[in-house]
Amino acid sequence: MSKITTELLLERAVPRSTRLRKIETLNLSKLQLKTGDLDPRLFSRLRHLQKLDLSDNLLDKFPNSLTLPDLRVLNCNNNKLEDVTALKQFPLLEELTYENNVYLTLNDDYKVMFLLQNLRLLNGKDITKLANHVRRVNSRKLTSKVTAHWEKFFRDQLPEKYTAEQVKSIKKKFLKSVQTNVVYGPSSLSEFTRWRVKMIAEEFLAYSLGLELNSDPEPEEKMDEDEEESTESPRAAAEDVGQVVHIYDPLVTVAPSKRKRNNSKPGSGNKRSKSQANTEEEAEDVSAEPLHFLQCHSKGNSREDFKTQLWSCVFEPLLDCGARKDPIVSSSRTVATCGGESICLIDCETGTVLKKYKVATEEFFSVAWTTLTMVISDSRKKSHNILAAAGRRGIVKLIHVAADFCYGEIKAHKKPIATVCFSPTQETHLFTASYDKRIALWDIGIPDCDYNFKASQLLVLEALSIPLRIALVPTCPEQYLLAGCEGGCFAWNIKLDKEQKCRPFEAIFQFPDEDRGMTTSHRVDGLAFLNDDVIVSKSSKPGCIYLWSWSRSFDAKGKGHQRTVSAVILAELEWSTTDLSYLTLSTCPAKDYVFCGDEKGSVWMYNLSKYTTAWSSAKGKRSDKRIPPTQILKWPELRANGEQLTEILVNNVVSDPTFTYLVVLTSVNITAIWKKS
């Protein structure tokens, strides 16, 4: 029987308490406690515990799932501790003492300094300056050495097309070689260096090269399944692969008949008029197959969470292509997704969750990538991908993904941020659209080698209603911005050579309404450019997606602000007749594709390549009939705990620029990844 009971905890509380959840200080010293006495189920009820004294006991390690989310001070003096890596489960820890644990060394001091981002005092000494060096300078040096080792000795060993066995072999050789040959710092820290080198090397293989992380890591680097979500610790929480539910996982299964190549034709399963069904348009089968169905945004890592809404995803640009040079082709197979309290980076081919970031008090609505040229050691410059994420709290998080480091935040708005996007021409310019009916333009700056940065607000665009989607005009991204809002579609002049910092909209666009009239008052919850001129937008008018011309609708020479402009409609796309809002659309300009999900879990795909040439003509006429989808990908029969998932809304669907992968975000906490054959 465990020595620790509810009664003992209440009695040893300082002061004594009547309820576990009220305890903030707890003294469990001198009780001859062993590791097995620390019952995670009992400790999980100590939600507000801030100070814990476990000194003078017999502990040899910590369980991985004590779940003390508010712990700030921990005393482990005079125990038999052999390892400290489990302490990473206490991300808010500020003071830690573990003197007189004979098996712990200087290497363990460095490990906790790296793992615990908020740690200030270690064994009574202020370690702030040293810890910053360990987390930043040391990590940067080791990352550089690991990368150089790969480039010099292993890069050419991996063929362009490699088998699983080749990957396994080169991973094993590289990890062994890099831990043996990468040396940094004094010999007294060699164990810590090997520990960090292995960690960095595995991340390098998984993230930079798309090779899976070691699926059987050493116990010290493995997260427990029940580990509490991290709070706003700068260091991202690595997600246990066990929390990701794949299409082949017994928890969520797909009926075998539904896992074959998708050959659905336009309209199958969706009611349409006879005239629509009898269209002469021939359906094209793009042969997309489901690869993975992932449940990786669960609140508290719960496998029972099928309620978290997933909202935004964007593919990471490839560094060697230069994200600013050619955004159409510069993308990897890594996608960032957001929803609930977390952001995930997913390898679309393997379904591996490469990284996961959590903020327990946040609900993320939008993510965006940029590539910054940062100064590294020896004044050299190097390009790094930075991820911006924002949501309900109105705060933008800035994450240096390769370094696994959230280096800063911008308190952009006092109300939730609906969407964010970076300028394609100014790498530090970030637009944030908020529920406060404003769109702000920020210069996020470039962090220095110590991650110091300075953000500044450059512009505020006033909207009449909440902006939901924003898009920069491809031919003049530094001059005009479009926004789909709760109350219409608007355009602003965003040129920075003007003195006016706070600006009203310059144009509002009219569209046909259900009574065949024209209206400016409608919700626009989908907005994207198909090419330099053609805009795709979706409004609350049921069953319709409009394609219209920017250049022919907006006369840049027109005078006056807040002009009402009729959108020059080029065509209408046939879509679901649902009246549900916020099922947004996306485009793949390189392939002339439009994608939009519906209220039944299906994805409507439109190949418009045969129309775009005609639309580019100044005399291009509007298509008389609605254009049906080229294909509809039907949602498979997924089952969770033996029950079929129903009422699946597709909130967003995005392809990579080459239309190799299609990522589908749903209302039931499932990320679906399809691959074009």
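Residue indices follow the written sequence of each chain, beginning from 1 at its first position. Selection of residues for local features in this predicted model requires a pLDDT of at least 70, selection of side-chain atom pairs for listing and counting requires 80 or more, and totals for whole chains, interfaces and linings are taken over all residues. By convention in this description, side-chain values take in all heavy atoms of the structure and omit both hydrogens and water.

1. Concerning the environment of Thr578
For the purposes of this entry, the term helix denotes a DSSP run of H or I that reaches at least four residues, the term strand denotes a run of E that reaches at least two, and both are numbered from the N terminus. Tracing the chain through its elements places Thr578 in the loop between β31 (568-574) and β32 (585-588). On a C-alpha basis, the gap between Thr578 and Lys600 in space is 9.7 Å, while along the polypeptide they are 22 residues apart. The definition of a polar contact used here is a pair of N or O atoms within 3.5 Å, where within protein one atom must be able to donate a hydrogen and the other to accept one, and adjacent residues in sequence count solely through side-chain atom pairs. Of the polar contacts made by the side chain of Thr578, one reaches the backbone nitrogen of Leu580; its length is 3.1 Å.

2. Quick notes on the side chain of His413
Turning to its location among the elements, His413 is positioned in the loop between β16 (405-411) and β17 (417-422). Given the relative accessible area of 9%, His413 is considered buried. There is a polar contact of 2.8 Å between the side chain of His413 and the side chain of Asp436. Here, residues are in contact when the closest pair of their heavy atoms is within 4.5 Å. Apart from the residues within four sequence positions on either side, His413 is in contact with Arg393, Gly394, Thr432, Ser434, Asp436, Arg438 and Ala440. When a residue's accessible area, from a 1.4 Å probe over protein chains only, is under 20% of the maximum for its type it is buried; when over 50% it is exposed; and in between it is partly exposed.

3. Here we look at the pattern of salt bridges
Salt bridges are defined as contacts in which a side-chain nitrogen from Lys or Arg sits within 4 Å of a carboxyl oxygen from Asp or Glu. In the structure shown here, the tally under the stated rule is 17 salt bridges. A salt bridge links Lys538 to Asp525, with the nearest nitrogen and oxygen atoms 3.0 Å apart. Separated by 13 residues along the polypeptide, Lys538 in strand β28 (residues 534-539) and Asp525 in strand β27 (residues 524-529) bring together distant segments of the chain. Residues participating in the shared-partner salt-bridge network are Asp70, Arg72, Glu94, Glu95 and Arg120.

4. Considerations on the nonpolar core
Residues Leu52, Phe62, Leu74 and Leu96 are the most contacted members of the largest nonpolar core, which totals 48 residues. For this core, the secondary-structure elements that each account for two or more residues are α1 (6-12), α2 (40-43), α3 (106-115), α4 (128-153) and α6 (190-208). Setting aside residues up to four positions removed in sequence, Leu74 forms contacts with Leu52, Leu54, Phe62, Leu87, Phe90, Leu93, Glu95, Leu96 and Thr97. By nonpolar core is meant a set of buried Ala, Val, Leu, Ile, Met, Phe, Trp, Tyr and Cys residues that side-chain atoms within 4.5 Å join together. Among the nonpolar cores identified, the runner-up in size contains 23 residues, and Ala640, Leu662, Val668 and Trp674 belong to it.

5. Observations concerning the UniProt feature "repeat: WD" (unreviewed entry) in the protein
UniProt positions are given in the numbering used here, feature names are shortened, and annotations may be inferred rather than shown by experiment. Under the present numbering, the feature "repeat: WD" (unreviewed entry) in UniProt falls on residues 410-444. Measuring from the first to the last C-alpha atom of residues 410-444 gives 8 Å, for a span that is 0% helix and 57% strand.

6. Thoughts on helix α5 (residues 164-181)
Counted at 1.5 Å a residue, the expected span for α5 with its 18 residues is 26 Å, and the 26 Å between its end C-alpha atoms agrees. Within the sequence span of α5, burial applies to Val167, Ile170, Lys171, Phe174, Leu175, Ser177 and Val178. Expected span, for any helix, means 1.5 Å times one less than how many residues it has.

7. Let's talk about helix α9 (residues 609-616)
Residue pairs spaced three or four apart in an α-helix point in one direction, given the helix's 3.6 residues per turn. Buried within α9 are the following residues: Tyr611, Thr612 and Trp615. Down the axis of α9, the buried side of the element spans an arc of 105°, and every buried residue falls inside it. Facing away from the buried side of α9, by more than 90 degrees, are the exposed residues Lys610 and Thr613. Elements in contact with the buried residues of α9: β28, β29 (544-549), α8 (550-553) and β31. Relevant arc is that of directions from the helix axis to the C-beta atoms, nothing else.

8. Regarding the packing of α4 against α5
To get an axis, a line is fitted to the C-alpha atoms, and for a helix only the part in contact is used. The angle between two axes follows their N-to-C directions and goes from 0 to 180 degrees. Close contact between α4 and α5 brings their axes to 10 Å; oriented N to C, the two are set at 130°. On the basis of the axis angle, α4 is oblique to α5. In the packing of α4 onto α5, the handedness of the crossing is right-handed. In this structure, α4 uses Val146, His149 and Trp150 to contact α5, whose residues at the interface are Ile170, Phe174, Ser177, Val178 and Asn181. Working definition: roughly parallel below 35 degrees, roughly antiparallel above 145 degrees, roughly perpendicular at 65 to 115 degrees, and oblique for all remaining angles. Handedness of a helix crossing follows the sense of rotation of the near helix relative to the far helix, less than a right angle counterclockwise being left-handed and clockwise being right-handed.

9. Some remarks on the packing of aromatic side chains
Centre distance within 6.5 Å is the pairing criterion for rings of Phe, Tyr and Trp, where only the six-membered ring of Trp is used; planes under 30 degrees apart are then read as stacked, over 60 as edge-to-face, and the remainder as tilted. In the structure shown here, the tally under the stated rule is 27 aromatic pairs. Plain terms: the ring middles of Tyr480 and Trp550 are 5.6 Å apart, the flat faces sit at 55° to each other, and that makes the pair tilted. In this pair, Tyr480 is assigned in strand β22 (residues 480-485) and Trp550 in helix α8, connecting sequence segments 70 residues apart. In terms of burial, Tyr480 and Trp550 fall into one category: buried. With 5.0 Å between their ring centres and 65° between their planes, Tyr480 and Phe554 make a pair best called edge-to-face. Here the residue Tyr480 occupies a position in strand β22, and Phe554 occupies one in the loop between α8 and β30 (563-566), the gap between them amounting to 74 residues. Classification of Phe554 by relative accessible area gives buried; the value is 4%. Site record: aromatic cluster; members linked through ring pairs are Tyr480, Phe509, Phe511, Tyr546, Trp548, Trp550 and Phe554.

10. Thoughts on unusual backbone geometry
Here the bond from Val14 into Pro15 is cis, since omega is -5°, no more than 30 degrees from zero. In this structure, Glu647 is a non-glycine residue whose phi angle is positive, near 50°. Residue position: Glu647 is located in the loop between β37 (643-644) and β38 (650-655). Classification of Glu647 by relative accessible area gives exposed; the value is 72%.

11. Thoughts on the sheet that holds β16
Here, any two strands with at least 2 DSSP bridges between them count as paired. On the basis of which strands lie adjacent, the open sheet formed by four strands has the order β13-β14-β15-β16 and antiparallel pairing. Bordering the open sheet on either side are β13 (364-375) and β16, each of which pairs with just one other strand. Each adjacent strand pair in this sheet contributes to an overall mean axis angle of 25°, direction not counted.

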